[in-house]
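# Breakdown of the fold
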Amino acid sequence: MTASGPVAQLEQTIDKIIRQTEEEILSGMESAAGQSSQALDDAIPALEQEYEKIIADGRKEADKISRQIVGSADLEVRNRQLLALEDAVDGVFVRALEEVAAADRNGADYAALMRSLLAEAVSVLGSSDVVVHASAQDRDAVQGILSSDYAGAELAPEPLGCMGGVRIQSKDGAMTFDNTLDARIERLKPLIRKGIASKFGAGN
Amino acid sequence: MSGSEAAAAAASKGGVQYSKIAEIKGPLVIVDDVENAAFDELVEVETRDGEKRLGKVLEVGNGKAIVQVFEGTTGLSVSGTNAKFVGKVMEMPVSREVLGRVFDGLGRPKDGLPDPIADRFIDINGEPMNPEQREYPKDFIQTGVSVIDGMITLVRGQKLPIFSGSGMSHNLLAAQIARQAAVVGTDDEFAVVFAAIGVQYSEAEYFKRSLEESGALKRSVLFLNLADDPAIERIITPRVALTVAEYLAFDLGMHVLVILTDMTNYAEALREISAAREEVPGRKGYPGYLYTDLSTIYERAGKLVGKKGSVTQVPILSMPSDDITHPIPDLTGYITEGQIVLGRDLFRQGVYPPVNILMSLSRLMKDGIGEGSTREDHGEISNQNYDAYSRAQEVRALAGIVGKAGLTEIDLKYMGVGDIFEKEFLSQSIDENRNVEETLSILWKVVSQLPKNELTKVKDKYMDQYYQGTD
């Protein structure tokens, strides 16, 4: 046996091991590639599903945000409109009240108005045995009506701070009925507001 | 004389102010020497400082009138208080403009905006619906909450209360329904009227913010009566809310969902007045007429023949001590058309919404689901889930005694169905809006855990189409 015999044998064994390892690695790689490819194929439908879900969720979210933005913008605009309308209505109201306050009190119409306001107030209380309160400007006119039509009624010594009309009170002070122009306007305010707003094209 | 002229004439007259106050007792003011007052007439009570509070006449006779003051009698004294009888009942100004607005419990603006320009002024007590004119409710309302849409379906014109308990998540559910509710398959307008009765400030803020942020406020009207507002105001809150709802529904043709939370606070206020009037108390101190009174609220729901709109009610009540036999849920159950019951156990497990479906029922569901409304298999798959979940509960109870090892294979499958039902169908996040298709798909997924031969309540054709199991 020569000295090269065992070396050659060793080399052969090493070559064999290398070949075998190479084959194992290649076969392992092939199988891994096959498995990866299979896993990829299997994952595609799940991925597509996930992709569609993300898109659908995104659309839902976008829709939600869009509704939110449009909704609050609509409300903001509407609220500004309401405030602007209210300012306009208030302006008309103030102007109208100024005109009422400055109305001519010497004409027959105003005397008739005072007479009817007083008659209505007396009829609501159900007695003419009352104390009548009136503004400083109306006191003379009211006194005239009381003297002629309501013998039991008396005019309160203190003038009433109002635009016009009367407030009457039973003599024991238990019942009061306010028939001043101020009180009547206050009671009618919601209806008057609606009327004014409709002139601006608002309301139903 | 036209309608508006008549209204103007009536309004201009005003009323008489009386200054003889005989007694102030709890929320009641007894006025002496009163002539011509009418039952339910609106009264303006003026304090010594000129502050005005609203009230209504409860009783008249022998020259006396008993006035219930909505804003409470704190600070009032017998001398110096005046009561003005306005000559009309309490009215709510209504118009389309009320949409998107926030009001207090008496219907006064709470959002810093002016009073709405009224189209009409409507008596808050409403007019009884002519039974002959009522139309049977049969159209689906989608709430986006699976358990309601899938198994306790709400239909337009129905009154379906939520029975909850103290501290449970009913307010979250109420807000979610308010945000998400919609009518499907029609272009008809939809609106939500939300009345919070005696709620905490934080809850009221949550409702408001939740509607604002979702963009749903523009189709909603909010009435907020807070816990620190006078209790008596709570008597009025549901009535003003329903008045607005009826106007939107029957005058403007909208489908309106009214959410009233919490009706227990309403009944407490009723008890307070009853006690002050020294009436003979009924069960748990509530007045004997509690049933009649509740019906005057709940019966203001429905559809009318020849009218396009509808009023659907979801009143929410928290049952004291979770007691479903308590007079409030008990009497409510007699009037309404089913109930949604929230379960304490589910709530403790962290399930939202914690709806106990075995105790819940929508009596009108069958008419609002199926082909043409939701989907043809809806009724059957809902029944199958009800059956399976009920069996799962029995199996859970059995497992508690014999242990899991003592259960059969099919028992274990039913246990699995119970778990998946609670985790995937019942549980839903508070901003998750599921459409009815998604809901039905989950219902199929739940029962598909069982073999086909266990599904005895669904037709084969639906099984072929929707069953997702491997069996």
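Keep in mind the model is a prediction, meaning the values are calculated, not measured. (Residues numbered from 1 in each chain as written. Chains lettered and ligands numbered in written order. Predicted model: local features only at pLDDT ≥ 70, side-chain atom pairs only at ≥ 80, totals over all residues. Heavy atoms only, no water.)

### Some details on the overall build of chain B
When its secondary structure is counted, chain B shows 14 helices and 22 strands. Expressed along its principal axes, the backbone C-alpha trace of chain B runs to roughly 85 × 50 × 40 Å. Sequence separation of at least 24 residues holds for 72% of the intrachain contacts in chain B that already meet a minimum separation of 6. Counting only carbon and sulfur atoms, one obtains 48% of the accessible surface of chain B, whose full area is about 18,600 Å². Each charge class in chain B was averaged separately, 50 positive and 69 negative side chains, and the resulting centres sit 1 Å apart. (Helix = DSSP H or I, 4+ residues; strand = E, 2+ residues; numbered from the N terminus. Contact = heavy atoms within 4.5 Å. Areas by Shrake-Rupley, 256 points an atom, 1.4 Å probe, with all protein chains shown as cover. Lys, Arg positive; Asp, Glu negative; His and termini not counted. Charge placed at Lys NZ, Arg CZ, Asp CG, Glu CD.)

### Focus: the domain arrangement of chain B
All names here are of chain B. Assigned domains within chain B: domain 1 (14-88), domain 2 (92-368) and domain 3 (378-458). Summarising the inter-unit geometry, the C-alpha centres of domain 2 and domain 3 are found 31 Å apart. The interface is formed by 25 residues belonging to domain 2 together with 23 residues belonging to domain 3. Taken together, both faces of the contact between domain 2 and domain 3 bury some 1,900 Å²; the carbon and sulfur share is 58%. Ranking the residues of domain 2 by area buried against domain 3 places Ser 146, Met 151 and Leu 358 at the top, with a combined share of 30%. (Domains from an automatic or database assignment. Buried area = accessible area lost by both parts, 1.4 Å probe.)

### With respect to the interface of chain B and chain A
Taken residue by residue, the interface counts 39 residues in chain B and 31 residues in chain A. Taking both partners together, chain B and chain A bury about 3,000 Å²; carbon and sulfur atoms supply 56% of that area. Note that Lys 218 of chain B and Asp 74 of chain A form a salt bridge whose closest N and O atoms lie 2.9 Å from each other. Secondary structure elements with two or more residues in the side of chain B that touches chain A: α1 (3-13), β1 (16-18) and α4 (201-214) of chain B. If you tally residues by element for the side of chain B that touches chain A, the top one is α1 of chain B, at five residues. Considering only residue class, the side of chain B that touches chain A consists of 15 nonpolar, ten polar and 14 charged. (Salt bridge = Lys/Arg side-chain N within 4 Å of Asp/Glu carboxyl O. Nonpolar A, V, L, I, M, F, W, Y, C, P; charged D, E, K, R; others polar.)

### Section: the packing of aromatic side chains
Counted according to the given criterion, the structure contains seven aromatic pairs over all chains. Seen in terms of ring centroids, Phe 421 of chain B and Phe 425 of chain B are 5.1 Å apart; in terms of plane orientation they differ by 40°. Their pairing is tilted. Here Phe 421 of chain B and its partner Phe 425 of chain B are both found in helix α12 (residues 409-426), four residues apart, which amounts to about one turn of the helix. A relative accessible area of 1% places Phe 421 of chain B in the buried class. Three or more aromatic residues joined by ring pairs make a cluster, and in this case those are Phe 194, Tyr 206 and Phe 207 of chain B. In this arrangement the basic side chain of Lys 189 of chain A is found over the ring face of Phe 93 of chain A, its NZ or CZ atom lying 5.2 Å from the centre. In this arrangement the basic side chain of Arg 271 of chain B is found over the ring face of Tyr 286 of chain B, its NZ or CZ atom lying 4.3 Å from the centre. (Phe/Tyr/Trp six-rings, centres within 6.5 Å; stacked < 30°, edge-to-face > 60°. Buried < 20%, exposed > 50% of the residue type's maximum accessible area, 1.4 Å probe, protein only. Lys NZ or Arg CZ within 6 Å of the ring centre and 35° of its normal.)

### Looking at empty space enclosed by the protein
Residues and elements named next belong to chain B. Going through the model one piece at a time under the given rule, you end up with one cavity of 30 Å³ or more. Reported here for the largest cavity is a volume of approximately 40 Å³. What lines the largest cavity is simply Asp 40, Lys 56, Phe 70, Met 90, Ile 124, Asn 125 and Ile 236. Residues of the lining of the largest cavity, tallied by class, amount to four nonpolar, one polar and two charged. Residues from two domains meet in the lining of the largest cavity; each of domain 1 (14-88) and domain 2 (92-368) gives at least three. (1 Å grid on protein atoms, 1.4 Å probe; cavity = no way out; pocket = protein on both sides within 12 Å on 5 of 7 lines; lining within 4 Å. Points joined across faces, edges and corners; volume = space filled by probe spheres on them.)

### Focus: the confidence of the model for chain A
In low-pLDDT regions, the fine details of the predicted coordinates are not to be read closely. Here chain A averages 87 in pLDDT, and 97% of its residues register 70 or above. The least confident element of chain A is helix α4 (residues 181-199) of chain A, whose mean pLDDT is 86; the most confident is strand β1 (residues 130-134) of chain A, at 92. (pLDDT = per-residue confidence, 0-100.)

### A word on unusual backbone geometry
The bulk of non-glycine residues show a negative phi, and the bulk of peptide bonds are trans. Residues and elements named next belong to chain B. Of note, the bond from Thr 261 into Asp 262 is cis; its omega dihedral lies within 30 degrees of zero at 15°. Turning to its location among the elements, Asp 262 is positioned in the loop between β18 (255-261) and α6 (263-276). Tyr 352 connects to Pro 353 through a cis peptide bond whose omega is -5°. Along the polypeptide, Pro 353 turns up in the loop between α9 (344-348) and β22 (361-362).

### So, the sheet that holds strand β12 (residues 140-142) of chain B
All names here are of chain B. Ordered by their spatial adjacency, three strands build an open sheet running β13-β12-β15, and the pairing between neighbours is antiparallel. Edge positions in the open sheet fall to β13 (154-155) and β15 (182-183), since each of these has one partner strand only. Across two bridges, β12 lies against β15 in antiparallel orientation. Note on β15: the bridge partner recorded for Gln 142 is Ala 182. (Pairing = 2+ DSSP bridges.)

### Structural notes on the nonpolar core
All names here are of chain B. Ranked by internal contacts, the top residues of the largest apolar core, which has 71 residues, are Val 147, Ile 177, Leu 257, Ile 259 and Trp 444. Two domains each donate at least three residues to this core, and these are domain 2 (92-368) and domain 3 (378-458). If sequence neighbours within four positions are ignored, Val 147 has contacts with Ile 152, Pro 353, Val 355, Ile 357, Phe 425 and Leu 426. Counting residues in hydrophobic clusters, the runner-up holds 60 residues, among them Leu 42, Phe 70, Phe 223 and Ile 232. (Core = buried A, V, L, I, M, F, W, Y, C linked by side-chain atoms within 4.5 Å.)

### Structural notes on the packing of helix α2 (residues 108-125) of chain A against helix α3 (residues 139-149) of chain A
Residues and elements named next belong to chain A. Contact pair α2 / α3: the axes reach a minimum separation of 10 Å and the direction vectors enclose 55°. Between α2 and α3, the angle falls in the class oblique. Considering the relative orientation of α2 and α3, their crossing is right-handed. Contacts between α2 and α3 pair Ala 111, Met 114, Arg 115 and Leu 118 from the former with Val 142, Ile 145, Leu 146, Ser 148 and Asp 149 from the latter. For the contact of α2 with α3, the residue count by class is six nonpolar, one polar and two charged. (Axes fitted to C-alpha atoms, helices over the stretch in contact; angles between N-to-C directions. Parallel < 35°, antiparallel > 145°, perpendicular 65-115°, else oblique. Left-handed = near helix turned anticlockwise from the far one by under 90°.)

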